[in-house]
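# Chain and residue survey
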Amino acid sequence: MAKSPRLAPNRLRFQSQQSTEVEPLNAMSIDVEDWCQSTFDRNAPITSRVYDNTMRLLELLARRKTTATFFVLGLVAEKFPRLIQEIYGQGHEIASHGYSHQPIFKQSRQEFTLDVQRSLELLESLTGCKILGYRAPDFSINSTTLWALEVLQELNLLYDSSIFPVHNPRYGIPDWPRPPLPVDGNGGKRLIEFPISTLRLGCVNIPFIGGGHTRLWPAWFIAWGIRRLHREGLPAMIYMHPYEINPDEFDALEVKIPFKQKFHQGLNRRTVYGKTERLLEKFRFGPIRDVLTVQKLLPDPSIMKDKTPTSDFQISLRPHRG
């Protein structure tokens, strides 16, 4: 097996390229998936809830004049192609969340490659734009699946945002550097890794923003954490899912969810919309593509629009053959 990618030599010498004269630009990212299929039952159908929840998020972002990166699951794009075109048409970046939402550690290298390829072909056919970035389901690039970064390089992606530099039973690489940095792989190809934001307290990284952390931490602490990152010269990376702004979703599900899981996944959902709106009021956010461009880690994204959109009625979804 090929050697796993290594960190570039400048891993400990990160210098922010953002001007100190303006509010730093942070990354807003949204993983477009349907809760029941992505979290409870991988075989569950994609429902209109993901469409409705995403449209509500789009309205919030439009009201706050903010654009974001939408990591779109292939199954969602296949079911609601016009939703992806609507997202892209409003000026947001489309990136890949894979096709099936299967964690990488449950896939072979070939299965993973085909899963990502299928999502890229679908998303590029809908947007007419080269897809630059990827985020793994369940942040499943960990110390045992670093080979996935090589696959992303081979597929000519420019950045990844899958690594969570924390201790967690399900994911994380606790000693991974916290800034966005290039990762060198075989053949001289380079991929930028933009990890999920954490706070360094003592010798431990603390998650404080995104997903369940946004639900559980108070708004003042999240804002304090972002300002602390800025004092370190780091942009913040916020992540969320459309279903997190729908506190009534569990009542609408056709399947019975165990109380423990419903409590764990639903606690404080009613606070997420308001917290997100307040963050958008206080700080500057943009797509990951733009943040990495400001940091001089990516070229001007305008050169990436080199494809012709395909009508959503003509999308080819031929199965890949190994």
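Note that the structure is predicted; figures quoted are calculated from it, not measured. (Residues numbered from 1 in each chain as written. Predicted model: local features only at pLDDT ≥ 70, side-chain atom pairs only at ≥ 80, totals over all residues. Heavy atoms only, no water.)

A word on the confidence of the model for the protein chain. Confidence along the protein chain averages 86 in pLDDT terms, with 85% of residues attaining 70 or more. Ignoring residues within four places in sequence, the model shows residues 7–16, a span with pLDDT below 50, making 22 contacts including any to other chains. A low-confidence stretch, residues 308–322 (pLDDT under 50), is modelled with 26 contacts involving residues beyond four sequence positions or located in other chains. (pLDDT = per-residue confidence, 0-100. Contact = heavy atoms within 4.5 Å.)

Attention now moves to the side chain of serine 119. Checked against the element boundaries, serine 119 lands in helix H5 (residues 109–127). Here valine 116 takes part through its backbone oxygen, which lies 2.8 Å from a polar atom of the side chain of serine 119. Ignoring sequence-local partners within four residues, the contact set of serine 119 consists of Ser96, Gly98 and Tyr99. (Helix = DSSP H or I, 4+ residues; strand = E, 2+ residues; numbered from the N terminus. Polar contact = N/O pair within 3.5 Å; in protein donor to acceptor, adjacent residues only side chain to side chain.)

On to the nonpolar core, then. Phe70, Ile84, Phe112, Ile141, Leu149, Leu152 and Ile226 are the most contacted members of the largest nonpolar core, which totals 63 residues. In terms of residue count, H5 provides more of this core than any other element does, six residues in total. In terms of nonpolar packing, the next biggest core, distinct from the first, is built from 19 residues, Leu132, Val166, Tyr239 and Ile288 among them. (Core = buried A, V, L, I, M, F, W, Y, C linked by side-chain atoms within 4.5 Å. Buried < 20%, exposed > 50% of the residue type's maximum accessible area, 1.4 Å probe, protein only.)

Now for the packing of aromatic side chains. Ring pairs (aromatic) are described by centroid distance and by the angle formed between their planes. If you walk through the whole model with that rule in mind, you get twelve aromatic pairs. Judged by centre distance (5.4 Å) and plane angle (15°), the ring pair of phenylalanine 164 and tyrosine 171 falls under stacked. In this pair, the class of phenylalanine 164 matches that of tyrosine 171, namely buried. Grouped by ring-pair contacts, the aromatic residues Phe139, Phe164, Tyr171 and Tyr239 constitute a single cluster. Positioned over the ring face of tyrosine 273 is arginine 56, at 4.2 Å from the centre of the ring. (Phe/Tyr/Trp six-rings, centres within 6.5 Å; stacked < 30°, edge-to-face > 60°. Lys NZ or Arg CZ within 6 Å of the ring centre and 35° of its normal.)

The next subject is a positive patch on the surface. A cluster of like positive charges, contributed by Arg227, Arg231, Arg278 and Lys282, occupies part of the molecular surface. By secondary structure assignment, the location of arginine 227 is in helix H8 (residues 219–231). (Patch = residues over 30% accessible without salt bridge, like charges linked within 9 Å, V, L, I, M, F, W, Y side chains within 5 Å. Areas by Shrake-Rupley, 256 points an atom, 1.4 Å probe, with all protein chains shown as cover. Salt bridge = Lys/Arg side-chain N within 4 Å of Asp/Glu carboxyl O. Lys, Arg positive; Asp, Glu negative; His and termini not counted. Charge placed at Lys NZ, Arg CZ, Asp CG, Glu CD.)

Before going further, it helps to spend a moment on helix H6 (residues 147–154). Counting buried positions along H6 yields seven of eight residues, so the element is predominantly enclosed. Within H6 the residues assigned to the buried category are Trp147, Ala148, Leu149, Glu150, Val151, Leu152 and Gln153. On the buried face of H6, the contacting elements are H5, strand E5 (133–134), strand E6 (159–160), strand E7 (181–184) and strand E8 (190–193).

On to the layout of surface pockets, then. Quantified by volume, the largest pocket comes out at close to 660 Å³. Around the largest pocket sit 30 residues that line it, and Arg170, Tyr171, Gly212, His264 and Gln265 are the ones nearest its centre. Where the lining of the largest pocket is concerned, the elements lending two or more residues are helix H1 (35–40), helix H7 (211–216) and helix H10 (259–266). Ranked by residues supplied to the lining of the largest pocket, first place goes to H7 with five residues. For the lining of the largest pocket, a count of residues per class yields nine nonpolar, twelve polar and nine charged. (1 Å grid on protein atoms, 1.4 Å probe; cavity = no way out; pocket = protein on both sides within 12 Å on 5 of 7 lines; lining within 4 Å. Points joined across faces, edges and corners; volume = space filled by probe spheres on them. Nonpolar A, V, L, I, M, F, W, Y, C, P; charged D, E, K, R; others polar.)

Before going further, it helps to examine empty space enclosed by the protein. Counted according to the given criterion, the structure contains one cavity of 30 Å³ or more. Within this model, the largest cavity holds a volume of roughly 60 Å³.

As a further point, take a nonpolar patch on the surface. Taken together, the side chains of Leu216, Phe259, Phe263 and Leu267 define a hydrophobic patch exposed on the protein surface, amounting to about 440 Å² of accessible area. For phenylalanine 259, the location among the structural elements is in helix H10.

Inspection of helix H4 (residues 81–89) places Pro81, Leu83, Ile84 and Ile87 among the buried residues, and these make up the whole buried set. Projected onto a plane normal to the axis of H4, the buried residues spread over an arc of 160° and lie on a single side. Packing partners of the buried residues in H4 comprise helix H2 (48–63), strand E3 (69–72), helix H3 (74–79), strand E4 (93–96) and H5. Phi turns positive one or two residues past the end of H4, at glycine 91, with a value near 95°. (Arc of directions from axis to C-beta.)

Turning our attention to unusual backbone geometry. Although it is not a glycine, phenylalanine 139 adopts a positive phi angle of roughly 50°. The backbone of asparagine 268 sits at a positive phi, close to 65°, despite the residue not being glycine. With respect to the helices and strands, asparagine 268 occurs in the loop between H10 and helix H11 (272–282).

Here we come to the pattern of salt bridges. Within the structure shown, the criterion is met by eleven salt bridges. With a shortest N-O distance of 2.8 Å, arginine 63 and glutamate 277 are connected by a salt bridge. Taken as a pair, arginine 63 in helix H2 and glutamate 277 in helix H11 lie far apart in primary sequence, 214 residues in all. Using a relative accessible area of 42% as the deciding quantity, one classes arginine 63 as partly exposed. Among the salt bridges present, the one from arginine 109 reaches glutamate 150, with a minimum N-O distance of 3.3 Å. Placement of arginine 109 in helix H5 and of glutamate 150 in helix H6 is noted, with a sequence separation of 41 residues between them. Relative accessible area serves as the criterion here: at 25%, arginine 109 is assigned to the partly exposed category. The exposure class of glutamate 150 is buried, given its relative accessible area of 3%.

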